[in-house]
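A closer look at the structure
Here's the letter readout for the chains.
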Amino acid sequence: MTAVLFDYDGTLHNAIVIYGEAFRRVYGQMVADGKALPQTFSDARIAHWLGLTPQEMWEDFRPDLSEADRTVYSKAVGSAMVTLTLQGKARLYPRVPEALDALKNQGFTLVFLSNCPQNYMDAHRKAFGLNRWFDGFYCSESFDFAQKTVIYPHIRRDYGKDFIIVGDRDKDMAIASTFGLPAVGCLYGFGSREELSSAACLVETPQEMVEALVNLR
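A brief report on the enclosed structure follows. Keep in mind that this is a model prediction, so the values were computed, not measured.

1. Here we look at the overall build of the protein
On a plain count of helices and strands, the protein comes out with nine helices and six strands. In terms of overall dimensions, the protein is globule-like: its C-alpha atoms have a radius of gyration of 17 Å, near the 17 Å expected for 217 residues. With the principal axes as the frame, the protein shows a C-alpha extent of 55 × 35 × 30 Å. Within the protein, buried positions represent 51% of all 217 residues. Pairs at least 24 residues apart make up 66% of the contacts formed inside the protein by residues separated by at least 6 positions.

Here it is, written out as structure tokens:
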């Protein structure tokens, strides 16, 4: 049985829908707190941080902030995203449920791995009924927000087999290149074509992703 390790945000979930709103809310609070100047953020700029760990995001965005402030505002963004998810505002990409149904019907083992907190993962499991598709769930918070290349050996050990990797960022491709695995790069997500260039194949839609996985099995 072929196993597939899925990234989530930018691969299955169109995270900018809730991340954009959550980030802008929290940035407004930063302005009110005197920690930032008023500024407008495009979705493209905000999407640049999707796929990063919280530490990486704040180091890139506001390295001048104290560790205490980063922690407060990072938790606020995460909390807002969970709230928006439970309010029904999160969105999977079109045709993702049908794609996951097709893979399960063809006997694939599907495992979830995301650079996210536990409560975020749990909220999405509840909101979208992810348990019907995924055989396992891993979030980076459970590994002290380690890189995915550090987390992957734990998943490999748990399942006793290697995986095909599916993702939209270079961090997903790094698992494949580090461990000599095939990868599918999702161009409809938030990564660039360049950072996905090492993938065995690139896809434009979830339907194409299913076709690619069937051909790679």
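2. Observations regarding the sheet that holds strand S2 (residues 109-114)
Think of a sheet as strands paired side by side through backbone hydrogen bonds, with each pair either parallel or antiparallel. Pairing within the open sheet is parallel, and its six strands lie in the order S3-S2-S1-S4-S5-S6. Each end of this open sheet is capped by a strand with a single partner; those strands are strand S3 (136-139) and strand S6 (201-203). Each strand of the sheet is rotated relative to its neighbour by a mean of 20 degrees, with strand direction disregarded. Where strand S4 (residues 164-167) and strand S5 (residues 183-186) come together, three bridges link them in parallel fashion. Bridging across to S5, Ile 165 finds its partner in Ala 183. Most of the contacts of helix H8 (residues 170-179) go to S4, to which it runs at about 165 degrees, and overall it touches strand S1 (3-6), S2, S4 and S5.

3. Some remarks on the state of the cysteines
Summed over the entire model, instances satisfying the criterion amount to zero disulfides. The cysteine Cys 139 is free of any disulfide, with Cys 116 supplying the nearest cysteine sulfur at 5.1 Å. No disulfide involves Cys 201; its sulfur sits 9.0 Å from the nearest other cysteine sulfur, which is in Cys 186.

4. Digging into the nonpolar core
The tendency in soluble globular proteins is for nonpolar side chains to be buried as a group. Within the largest apolar cluster, 61 residues are counted, with the highest numbers of intra-cluster contacts made by Phe 6, Trp 49, Phe 61, Leu 110, Phe 134, Met 209 and Leu 213. No other element matches the eight residues that helix H1 (residues 16-32) contributes to this core. Once residues within four sequence positions are removed from consideration, Trp 49 is found in contact with Tyr 19, Phe 23, Phe 41, Met 57, Asp 60 and Phe 61. Grouped together as the second largest cluster of nonpolar side chains are 19 residues, Ala 3, Leu 181, Leu 187 and Ala 199 included.

5. Looking at helix H5 (residues 96-105)
Val 96, Ala 99, Leu 100 and Leu 103 are the residues of H5 that are buried. For H5, the arc enclosing every buried residue in end-on projection is 95 degrees, short of the 170-degree limit, so these residues lie on one face. In this structure, the buried side of H5 is in contact with S1, S2 and helix H9 (206-216). Note on H5: the residue one or two positions beyond its end, Gly 107, has a positive phi of about 90 degrees.

6. Side note on the pattern of salt bridges
Tallying each qualifying case throughout the model produces 14 salt bridges. With a shortest N-O distance of 3.1 Å, Lys 35 and Asp 69 are connected by a salt bridge. Here Lys 35 is found in the loop between H1 and helix H2 (43-47), whereas its partner Asp 69 is found in helix H4 (residues 67-86), with 34 residues between them in sequence. The partly exposed category is assigned to Lys 35, whose relative accessible area is 33%. We note a salt bridge from Arg 193 to Glu 204, for which the minimum N-O separation is 3.9 Å. Within this pair, whereas Arg 193 is found in the loop between S5 and S6, its partner Glu 204 is found in the loop between S6 and H9, the two being separated by eleven residues in sequence. Exposure remark for Arg 193: the relative accessible area of 47% places this residue in the partly exposed category. One network of salt bridges, in which partners are shared, links Asp 7, Lys 148 and Asp 172.

7. Quick notes on helix H3 (residues 54-61)
Within H3 the residues assigned to the buried category are Met 57, Trp 58 and Phe 61. One face of H3 carries all of its buried residues, which in axial projection span an arc of 90 degrees. Residues of H3 that are buried in the fold lie against H1, H2 and H4.

Here is what the cut-offs are and how they apply
For every chain, the first residue of its written sequence is number 1, and the numbers climb from 1 along that sequence. Only residues with pLDDT of 70 or above have their local features reported here, since the model is predicted, and side-chain atom pairs are shown and tallied only from 80 upward, although totals for entire chains, interfaces and linings are computed over all residues. Side-chain calculation: all heavy atoms of the structure are included, whereas hydrogens and water are not. Only runs of H or I of at least four residues qualify as helices and only runs of E of at least two qualify as strands under DSSP, and these elements are numbered from the N terminus. When we talk radius of gyration, it's over C-alpha atoms, and the globule rule is simply 2.2 Å times the number of residues to the 0.38. Here the term buried applies to any residue with accessible area under 20% of the maximum for its type, exposed to any over 50%, and partly exposed to those in between, with areas from a 1.4 Å probe on protein chains only. Should any heavy atoms of two residues lie within 4.5 Å, those residues are counted as being in contact. In this analysis, strands are considered paired if DSSP registers two or more bridges between them. Only the stretch in contact is used when a helix axis is fitted, and all axes are lines through C-alpha atoms; the angle between N-to-C directions ranges over 0 to 180 degrees. Criterion for a disulfide: a pair of cysteine sulfur atoms at a distance within 2.5 Å. To qualify as a nonpolar core, a set must consist of buried Ala, Val, Leu, Ile, Met, Phe, Trp, Tyr and Cys residues joined through side-chain atoms within 4.5 Å. Directions from the helix axis toward the C-beta atoms define the arc. Salt bridge, as used here: a side-chain nitrogen of Lys or Arg that lies within 4 Å of a carboxyl oxygen of Asp or Glu.

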